[in-house]
Amino acid sequence: MSQIVHLFVFDSLADWEPGFVVAGLNNPDGQKVPGRFQVRTVALTRGPITTIGGVRIQPDASLDQLKPEASAMLILPGGDTWDQGGNREAVEKAKTFLAAGTPVAAICGATAGLARGGVLDTRMHTSNAPEYLAATRYRGAHLYREADVVTDGNVTTASAMKSLEFAREIFARLDVYQEKVLEAWYGLFKTGDSKYYAALAG
């Protein structure tokens, strides 16, 4: 039976940030258990949303229907809405996920949303820059780490510029690939060196 990974979608979503994650989870090739995961989209309502790149997405479910026990992870991508103080409902849902022991992964603007919601006050984390999160007036600045991606317990955070590393961390967290396959995948997309493709194909 497939495990569902939920991707929060909203107007202004930064298309590229969850791209590697979605493609990797939905493509069974090379996975430890092919087809184990499926990505489903969830939004504030069931109405269509438009990404920052102009792509229209019809959400699979509304946020109020989402239950932590029916999910393997909640992924929160970035987008302008976070910087406007929006998506508070998604932050509250993330809190219910964490209370239930279900992991949450946030990148770029979504880290600011978690900061505003108090989620990063007690957890090590990263983001686009310390100053970016400081603007939220959160209380966790002493736990900020200068790193591509940081996982503390069930919370993963990443910089906007590190969507590839974000995906690698999520794949490792969900145990999607054998370690050597994951490193070959990362090496291929990071460097473009064909030797990594050979490792993946073999």
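Cut-offs used in this document
- Residues numbered from 1 in each chain as written.
- Predicted model: local features only at pLDDT ≥ 70, side-chain atom pairs only at ≥ 80, totals over all residues.
- Heavy atoms only, no water.
- Helix = DSSP H or I, 4+ residues; strand = E, 2+ residues; numbered from the N terminus.
- Rg over C-alpha atoms; globule rule 2.2 N^0.38 Å.
- Buried < 20%, exposed > 50% of the residue type's maximum accessible area, 1.4 Å probe, protein only.
- Contact = heavy atoms within 4.5 Å.
- Areas by Shrake-Rupley, 256 points an atom, 1.4 Å probe, with all protein chains shown as cover.
- Lys, Arg positive; Asp, Glu negative; His and termini not counted.
- Charge placed at Lys NZ, Arg CZ, Asp CG, Glu CD.
- Salt bridge = Lys/Arg side-chain N within 4 Å of Asp/Glu carboxyl O.

Peer 1: Help me get a handle on the overall build of the protein, residues and values and all.
Peer 2: Along the protein, the regular secondary structure elements total eight helices and nine strands. For the protein, the C-alpha radius of gyration of 16 Å lies close to 17 Å, the compact-globule estimate for 202 residues. Dimensions of the protein, computed from C-alpha atoms along their principal axes, come out at roughly 50 × 35 × 35 Å. In the protein, buried positions account for 49% of the 202 residues. Partitioning the intrachain contacts of the protein with sequence separation of at least 6 by distance along the chain shows that 59% fall at a separation of at least 24. Accessible area for the protein stands at about 9600 Å²; split by element, carbon and sulfur atoms hold 51% of it. Computed over 20 positive and 22 negative side-chain charges, the separation of the two mean positions in the protein equals 4 Å.

Peer 1: If you had to explain the pattern of salt bridges to someone new, which residues and values would you point to?
Peer 2: What the rule picks out here adds up to five salt bridges. Two residues, Lys95 and Glu92, come together in a salt bridge whose shortest N-O distance is 3.4 Å. On the criterion of helical spacing, the pair formed by Lys95 and Glu92 is a turn pair, its members being three residues apart in helix α3 (residues 88-99). By relative accessible area, Lys95 is classed as partly exposed at 31%. With a relative accessible area of 45%, Glu92 lands in the partly exposed category. Residues Lys162 and Asp148 are paired through a salt bridge, measuring 3.7 Å at the closest nitrogen-oxygen approach. Taken together, the residues span a long stretch of sequence, with Lys162 in the loop between β9 (155-158) and α6 (163-174) and Asp148 in the loop between α5 (130-134) and β8 (149-152) at a distance of 14 residues. Taking the relative accessible area as the measure of exposure, Asp148 reaches 35% and is therefore partly exposed.

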